[in-house]
Amino acid sequence: MNNVNIYQEFEDMMKRQDLNNADIAAVTGVSRSAVKDWRKARKIEDKRLFQIANAFDDERFSLAVVCYSYGYQAIFLNMLDRYRGDDLSLLIGTQKEDLDSDSAIKGLIEELSKKNPDKSIVKGYLKQIIETIGMMLSSVKKIATEQNIPVQQIF
């Protein structure tokens, strides 16, 4: 189970992209009134999420859909706030996070080798590793979008 509020992410994307019900209806193949009903019920059909994510160039929503669909935590979404910009800057950020993750893995191995590992230290290392995963997911999604590769073809 994850903690991604996919409906709120959808609404935020609608605002960021200045979209309306007709825009969503066009990419999902449903009527505007169906989209209106989703919004009124505050529930988007899961089967429509990737259609919407692939149709609009919105990194945060696309990553939210991946997190929501595959059970990843919302912490990945916070990673986007740390590195903004083009593919190259996101990849450089990913490389930096990867180096931090390598150090975390070494530290985690060392800590777990102890007779009584300190859970707070283990937790810190695990957080660093999760942040790396988030950056990698963000990079993959952004580059896939720009290269017109649907996310479903990657996973």
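Please read these numbers as outputs of a predicted model, since none were measured by experiment. (Residues numbered from 1 in each chain as written. Predicted model: local features only at pLDDT ≥ 70, side-chain atom pairs only at ≥ 80, totals over all residues. Heavy atoms only, no water.)

Overview of the overall build of the chain
Defined as follows: Counting from the N terminus, the helices are DSSP H or I runs at least four residues long and the strands are E runs at least two residues long. Any residue under 20% of the maximum accessible area for its type is buried, any over 50% is exposed, and the rest in between are partly exposed; the area is computed with a 1.4 Å probe on protein chains only. The contact definition used throughout considers only heavy atoms, calling two residues in contact when any of these lie within 4.5 Å. Values of accessible area rely on a 1.4 Å probe in the Shrake-Rupley scheme; residue burial ignores everything except the protein chains shown. Under the counting rule used here, the positive set is Lys and Arg, the negative set is Asp and Glu, and His together with the chain ends is not counted. Charged groups are reduced to one reference atom each: NZ for lysine, CZ for arginine, CG for aspartic acid, CD for glutamic acid.
Within the chain, the secondary structure is distributed over 9 helices and 0 strands. Reading the chain from its N end, one meets helices and strands in the order α-α-α-α-α-α-α-α-α. With the C-alpha coordinates aligned to their principal axes, the bounding extent of the chain is approximately 60 × 35 × 25 Å. The buried share among the 155 residues of the chain stands at 41%. Put simply, 61% of the contacts in the chain that link residues at least 6 apart link residues at least 24 apart. Carbon together with sulfur atoms contributes 52% to the accessible area of the chain, which is approximately 9,100 Å² in total. A gap of 6 Å separates the mean positions of the 22 positive and 23 negative side-chain charges of the chain.

Considering a nonpolar patch on the surface
Our working definition: Candidate patch residues must exceed 30% relative accessible area and have no salt bridge, after which like charges are joined if within 9 Å and Val, Leu, Ile, Met, Phe, Trp or Tyr side chains if within 5 Å. The term salt bridge refers to a side-chain nitrogen of Lys or Arg lying within 4 Å of a carboxyl oxygen of Asp or Glu.
Residues Val-140, Ile-149 and Ile-154 make up a contiguous nonpolar surface patch of about 220 Å² in total accessible area. Within the secondary structure, Val-140 is located in helix α8 (residues 119–146). The exposure class of Val-140 is partly exposed, given its relative accessible area of 37%.

Here's the deal with the packing of helix α2 (residues 21–28) against helix α3 (residues 32–41)
Helices that pack against each other are described as a pair by the angle of their axes relative to one another and the distance between those axes. This is how it is decided: Comment: axis = line fitted to C-alpha atoms, over the contacting stretch for helices; angle = value between 0 and 180 degrees taken between N-to-C directions. Angle categories: roughly parallel below 35 degrees, roughly antiparallel above 145, roughly perpendicular from 65 to 115, and oblique for all the rest. Rotating anticlockwise by less than a right angle from the far helix to the near helix defines a left-handed crossing, while the corresponding clockwise rotation defines a right-handed one. Each residue gets one label: Ala, Val, Leu, Ile, Met, Phe, Trp, Tyr, Cys and Pro are nonpolar, Asp, Glu, Lys and Arg are charged, and the others, such as Gly, are polar.
One can describe the packing of α2 onto α3 by two numbers: an axis separation of 8 Å at closest approach and a directional angle of 110°. Here α2 lies roughly perpendicular to α3, going by the angle between them. Along this stretch, α2 crosses α3, giving a crossing that reads as right-handed. Here α2 contributes Asn-21, Ala-22, Ile-24, Ala-25 and Thr-28 to the contact with α3, which in turn contributes Arg-32, Val-35, Lys-36, Trp-38 and Arg-39. Broken down by class, the residue content of the contact of α2 with α3 amounts to 5 nonpolar, 2 polar and 3 charged.

In short, shape yes, function no, at least from these values alone.
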